[in-house]
Structure formats: C-alpha cells, structure tokens
Amino acid sequence: MDSLSLLALGLTLLALVCAVAGLRLWATGRAQRKALIERLAAPVPAAEGADGSPGQTGPPRHPGHPGHPGQPGRRRRFDALDRRLRSTKAGRRLRLKLQATGLDLGVGEYAAYVVIAVAALWLIASVVLAPFFGPVFAAVALWGGNLFLGWQRARRTERFIGQLPELARLIANGIAAGLAMRTALSMAAEEMDDPAGAELADVANQLAVGRSLEEALHELGERLPSRELNVLVTTLILANRAGGTIVASLRNLTSTLEERKETRREVRTMLAEINATAVTVPLLGLGALLMINAMQPGALGRVTGSPGGQIAMIVALALYVVGFVVVRRFGRIDV
C-alpha cells in the first residue's frame, strides 16, 4: 500500500471519529435542550413559611447561589475510563487541573480525546512526512494537551484577576451595609459573572456545609494562583480573624487592583510580539519540512533512514524546542 493510500485511510478514520463525536454531541445537546424546556415549563413549587403558610413564589435562584439545588450535568462519556482514572493519583491531579480550567470535561473524556489526537497525529505524520516523525508528533500531541490545559487555566485566571476590583468593591459594600463576611461572599457570587461568580459560589457552598472561611479561601487561591488573589484572600482571612477596618482596607485594595489591572494590560500588549515569535519559529520549521517533502517526495524518509540523519533531525527538533522555551522565558514578566 503506497503513501497516498495510507494517507487516505488515516484521514478517513479521523473523519469517522469526528463524525461519531459530532453525533454524540448533537444528541447530548438535543437531550439537554428538551430537559431544559421541560424544567422551565414545570410550575415552581411554593415554599412554606415558618408558620406553615405558603411562602412567596418566584423564579429559582441561579446556579451560582449556594442554595440552588443545581442543574443536572450532561451525561459523561467514557464513564468506565473516568472511574478508573479518578482512583489514581495522576487522575486526581488531572481532575483538579480540569476544574481550574472551567472546562466541562471529565477526566476520562480528556484522556480519551488526547489518546485519539496522539493516534491521529502519529498516523498522519508517518504517512505525510516519514515513519520517524510518528512518535515525535505523538509526543507533541501529549505535550500540547497539557499545554492547552495550562493555557486555559491561565486565561481563566486572567479573567478572574480582571474581575477582582469589582469583587473587592462588592464585598466592601456588603460589609459596610452590615452583612457578615459569608453573606457578603454569597451576595458577590450572585452579582458577579463567571469565572468569579462560579468560584465564589463554590466557596459559599463549602461554607454552607461547614468548612471554615480560611480553608475555602485558601483552596480558591490554589485553584487560581495569582498575587492579586492572594492579597485579597489574605486581607479577608485577617479581617475575619482579628476584625478591624475591613471596609477601608478593601476599598484601598480596590484602587490598587485597578492600577495593577492596567499595568498588566500594558505589559501584555508590549510582550505580544515576543509571544507571537515563540510560536512562529517552530511553525516555520514545520513548514520547511513540508516544503522539502513536497518538492522531493520521500526526501525525509531517506534522511531519517540512517542513524546520522535521525541524530541530526533530533538535534534540530531539540534546538527548536529550546528556542521556543527561551523566547517564552524572555517574554514572561511577573507584574
């Protein structure tokens, strides 16, 4: 079987996998839409008051509220794999990382998608370039999956940092109005959009089941690590322990967070060119390989067919990786 036939077979298998995944997603979305319509059409039960009389009826509180019963999540795929991975230490770490990203993915789903991507890239690279590049692109797929989670987590953290000034202002206003710390956090969870609303709702839920404020806030800081959030968490914990002028401290912190927000935006704008260069250089190398193989079909196969060519190719790939890491390091400035 020639290379063109293998490429056609690989692309056909990849298209079939994508088609099956698309059908499953479509069926899941249709079922969720039907369940949502039925839930919205159902009458809201009236709550009884303290004297047994019907209480005030109204729309249910949104899922961010700690008292909301929650909405049933979508049906998870790869349940058996998910249960097996959750029982391992690596699976538990992966679950915490997925929670920090805010993605609606289970551990089993993520692992299955990564395995499919590894197999697809291995097959495509072996057919299009040379068999030597199959394991290389499989390793790139594994690294890319972890890099995607880190990027998604950093993106969510940046969005959360952008909401911190408004969050500190809401907590300060609630405490100034005479609310307790826990009540002010619950109120802020209702008012804020995601990701701050979802994270504060999680903190409020933990407080509702008996966890201490210090433990819940420390866990929030571990999920979304940043200097700004650590300052806010430390301020709230110290105020909860020793009291003091918490309102004045939070309002001063609000102005400081606003200034840091503008500074981070300026730094990110100045470093955009460096970050783009770090991604462009490896892509240029991949483009050169594709161009060489297109101009002289089978050239990469002949080069990587000898030990000397394989060593040269490994050194070249290692240099590209080192260049990517070094350029990204130069473009990383902690503000």
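In this text, all values refer to a predicted model and were calculated from it rather than measured experimentally.

A. Region of interest: the overall build of the chain. Along the backbone of the chain there are 13 helices and zero strands. For the chain, the N- to C-terminal ordering of α and β elements is α-α-α-α-α-α-α-α-α-α-α-α-α. Residues classed as buried in the chain amount to 31% of the 335 residues present. For the chain, the proportion of contacts with a sequence separation of at least 24, taken over those separated by at least 6, is 64%. For the chain, the computed accessible surface area is about 20600 Å², with 63% contributed by carbon and sulfur atoms.

B. Inspection of the packing of helix α5 (residues 133-176) against helix α10 (residues 246-270) at higher detail. Where α5 contacts α10, the axes come no closer than 9 Å and their chain directions differ by 165 degrees. With respect to α10, the axis of α5 lies roughly antiparallel. At the point where α5 passes α10, the crossing takes the left-handed sense. Seen from α5, the contacting residues are Glu158, Ile161, Gly162, Leu164, Pro165, Ala168, Arg169, Ile171, Ala172, Asn173, Ile175 and Ala176; seen from α10, they are Ile246, Val247, Leu250, Arg251, Thr254, Leu257, Glu258, Lys261, Arg264 and Arg268. Residues that form the contact of α5 with α10 fall into these classes: 12 nonpolar, three polar and seven charged.

C. Looking closely at a nonpolar patch on the surface. Taken together, the side chains of Val17, Phe78, Leu81, Tyr113 and Ile116 present a nonpolar region at the surface, about 360 Å² in accessible area. Mapped onto the fold, valine 17 is located in helix α1 (residues 3-41). Residue classification places valine 17 among the partly exposed positions, given a relative accessible area of 37%.

D. Focus on the packing of helix α6 (residues 181-191) against helix α7 (residues 196-208). Two numbers describe how α6 lies on α7: the axes approach to 8 Å, and their chain directions differ by 145 degrees. Crossing hand, α6 versus α7: left-handed. Across from Arg182, Leu185, Ser186, Ala188 and Ala189 in α6, the residues of α7 making contact are Gly197, Leu200, Ala201, Val203, Ala204 and Leu207. Within the contact of α6 with α7, the residues separate by chemical class into eight nonpolar, two polar and one charged.

E. Broad picture of the packing of aromatic side chains. With the rule as written, the count across this model stands at three aromatic pairs. Ring centres of phenylalanine 132 and phenylalanine 133 lie 5.4 Å apart, and the angle between their planes is 85 degrees; on these two criteria the pair is classed as edge-to-face. According to the relative accessible area criterion, phenylalanine 132 is buried, its value standing at 17%. A centroid spacing of 6.0 Å and a plane angle of 35 degrees characterise the contact between phenylalanine 148 and tryptophan 151, whose relative ring orientation is tilted. With phenylalanine 148 and tryptophan 151 both in helix α5, this residue pair falls three residues apart, about one helical turn. A relative accessible area of 39% places phenylalanine 148 in the partly exposed class.

F. Representation of the pattern of salt bridges within the structure. Enumeration according to the criterion identifies seven salt bridges in this entry. Arginine 169 is paired through a salt bridge with glutamate 166; the nearest N and O atoms lie 2.6 Å apart. One end of the pair, arginine 169, and the other, glutamate 166, are both in helix α5, three residues apart, so they sit about a helical turn from each other. One salt bridge in this structure joins arginine 169 and glutamate 258, with 3.5 Å as the shortest N-O distance. Here arginine 169 is found in helix α5, whereas its partner glutamate 258 is found in helix α10, with 89 residues between them in sequence. Overall, arginine 169 belongs to the partly exposed group, its relative accessible area being 31%. In the salt-bridge network here, residues are joined through shared partners; they are Glu166, Arg169 and Glu258.

G. View of the nonpolar core. Counting residues in hydrophobic clusters, the biggest one holds 36 residues, and the most contacted among them are Leu167, Ile171, Leu185 and Leu250. Elements supplying a minimum of two residues to this core: α5, α6, α7, α8 (213-223), α9 (227-242) and α10. Take this core: its biggest share by element is nine residues, from α5. Aside from chain neighbours lying at most four places away, what touches leucine 185 is Ile171, Leu200, Val203, Leu207, Leu213 and Leu236.

H. Spotlight on the environment of glycine 323. Locating glycine 323 in the fold gives a position in helix α13 (residues 307-330). Expressed as a C-alpha distance, the spacing of glycine 323 and valine 281, which sit 42 residues apart in the sequence, is 8.2 Å.

I. How the structure looks around the environment of glutamate 219. Tracing the backbone through its elements, the reader meets glutamate 219 in helix α8. When the C-alpha positions of glutamate 219 and valine 203 are compared, they lie 8.6 Å apart, and in sequence the two are 16 residues distant. If we skip the residues at most four places from it in the chain, glutamate 219 touches Gln206 and Arg211.

Calculation rules
- Residues numbered from 1 in each chain as written.
- Predicted model: local features only at pLDDT ≥ 70, side-chain atom pairs only at ≥ 80, totals over all residues.
- Heavy atoms only, no water.
- Helix = DSSP H or I, 4+ residues; strand = E, 2+ residues; numbered from the N terminus.
- Buried < 20%, exposed > 50% of the residue type's maximum accessible area, 1.4 Å probe, protein only.
- Contact = heavy atoms within 4.5 Å.
- Areas by Shrake-Rupley, 256 points an atom, 1.4 Å probe, with all protein chains shown as cover.
- Axes fitted to C-alpha atoms, helices over the stretch in contact; angles between N-to-C directions.
- Parallel < 35°, antiparallel > 145°, perpendicular 65-115°, else oblique.
- Left-handed = near helix turned anticlockwise from the far one by under 90°.
- Nonpolar A, V, L, I, M, F, W, Y, C, P; charged D, E, K, R; others polar.
- Patch = residues over 30% accessible without salt bridge, like charges linked within 9 Å, V, L, I, M, F, W, Y side chains within 5 Å.
- Salt bridge = Lys/Arg side-chain N within 4 Å of Asp/Glu carboxyl O.
- Phe/Tyr/Trp six-rings, centres within 6.5 Å; stacked < 30°, edge-to-face > 60°.
- Core = buried A, V, L, I, M, F, W, Y, C linked by side-chain atoms within 4.5 Å.

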